[in-house]
Amino acid sequence: DDWLALKPQEPSPSQCCGSGCKPCIYDVYEKELAQWERAKAKQDKSLLMEKKEQSNNSELNPDTFTAFSISSVEQLTEDTYQYKFELPGNSSLRLSLGQHIVLRGVVNGLEVQRAYTPISPGNAEGYFEVLMKHGELLMLASGTGLAPMLPILQSITDDEEDETFVTLVGCFPTFDKIYLKPLLQDLARYWNIRIFYVLSQETSLEKLPWSYQENTYTGRLNEDLVKTIINSCRRKPFVLICGSSAFNEDMSRYLKASGIEEDSCFVF
């Protein structure tokens, strides 16, 4: 059991950006898996702590990831941020013109990697900078109001460079009446997509599959729950609403009470 807990987890397809990165997240997984298998065969956990080779002048190694500290984060626009990373001493990345780097991190418990071209000068010493754009969408859908949300979701997941965070809240009477469960579950595997369900006629989550219990609420989508979901977003979201006229009116009222301005909402 101890060794299984230490075994590297195979990435899901949604974790790969598809840009032909070197190393790809699957390359890193294969290397870490081989290291784990060697350590397990020798029953020596210290082998898992082997230090990765790093260049003395901080040139990046295409076979390994190197940790750098973030020295500052500057918000340039509502959804664009400039990250400054420290390099030891007066070293530089030594990248060729147009060459990109791959950044790796954990978002929502999911390991994600993306390619970025630094905006700092190629000969910058002691630091490098990248721009990251993070939009935020909140989708509130009731019943068939889910329909117009799906093309938007799929356009985001189909675009490797779209880093919009999306929270979809689907409201249905019961678990059996949730539309397109396989598609929604597949979308929820993406690092930037969260999906919650609100079931108005269910009284308990115990009979639901375990994969749904953590992200499902019983009862109706009320003002308190809307506030809770908005507070769980990384920044104030732009909101899309689609349902019956009564649902749309209720959601607009709840959003206003939560501090979301009218020009930050769109009702289908």
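Residues numbered from 1 in each chain as written. Predicted model: local features only at pLDDT ≥ 70, side-chain atom pairs only at ≥ 80, totals over all residues. Heavy atoms only, no water.

Under an unreviewed UniProt entry, the protein chain has the name NADH-cytochrome b5 reductase-like and belongs to Antrostomus carolinensis. The protein chain has a UniProt comment under Sequence similarities (unreviewed entry) that states "Belongs to the flavoprotein pyridine nucleotide cytochrome reductase family." One UniProt comment on the protein chain, placed under Cofactor (unreviewed entry), says "FAD". (UniProt positions renumbered as here; feature names shortened; annotations may be inferred.)

**Considering the nonpolar core**
As a rule of thumb, soluble globular proteins bury nonpolar side chains together. Counting residues in hydrophobic clusters, the biggest one holds 23 residues, and the most contacted among them are M139, L153, L168 and L184. Of all elements in the fold, only β6 (136-142), α3 (149-158), β7 (165-172), α4 (181-187), β8 (193-199) and β10 (238-242) reach the threshold of two or more residues within this core. Those residues in contact with L168, other than ones at most four positions away along the chain, are M139, A141, L146, M149, L153, L184, R194, I195 and F196. (Core = buried A, V, L, I, M, F, W, Y, C linked by side-chain atoms within 4.5 Å. Buried < 20%, exposed > 50% of the residue type's maximum accessible area, 1.4 Å probe, protein only. Helix = DSSP H or I, 4+ residues; strand = E, 2+ residues; numbered from the N terminus. Contact = heavy atoms within 4.5 Å.)

**What about the sheet that holds β10?**
Strand order in the open sheet made by the 6 strands is β9-β8-β7-β6-β10-β11, with parallel pairing throughout. Each edge of the sheet is formed by a strand with only one pairing partner; in this case those strands are β9 (216-218) and β11 (265-267). Neighbour-to-neighbour, the strand axes of this sheet turn through a mean angle of 15 degrees, independent of strand direction. Two elements, β10 and β11, share 3 bridges in a ladder whose sense is parallel. If you follow L240 over to β11, its bridge partner there is F266. Each of β6, β7, β8 and β9 touches helix α6 (residues 223-232); the most contacted strand, β8, lies at about 170 degrees to it. Sheet strands in contact with helix α7 (residues 245-257) are β6, β7, β10 and β11, and its direction is about 160 degrees off that of β10. (Pairing = 2+ DSSP bridges. Axes fitted to C-alpha atoms, helices over the stretch in contact; angles between N-to-C directions.)

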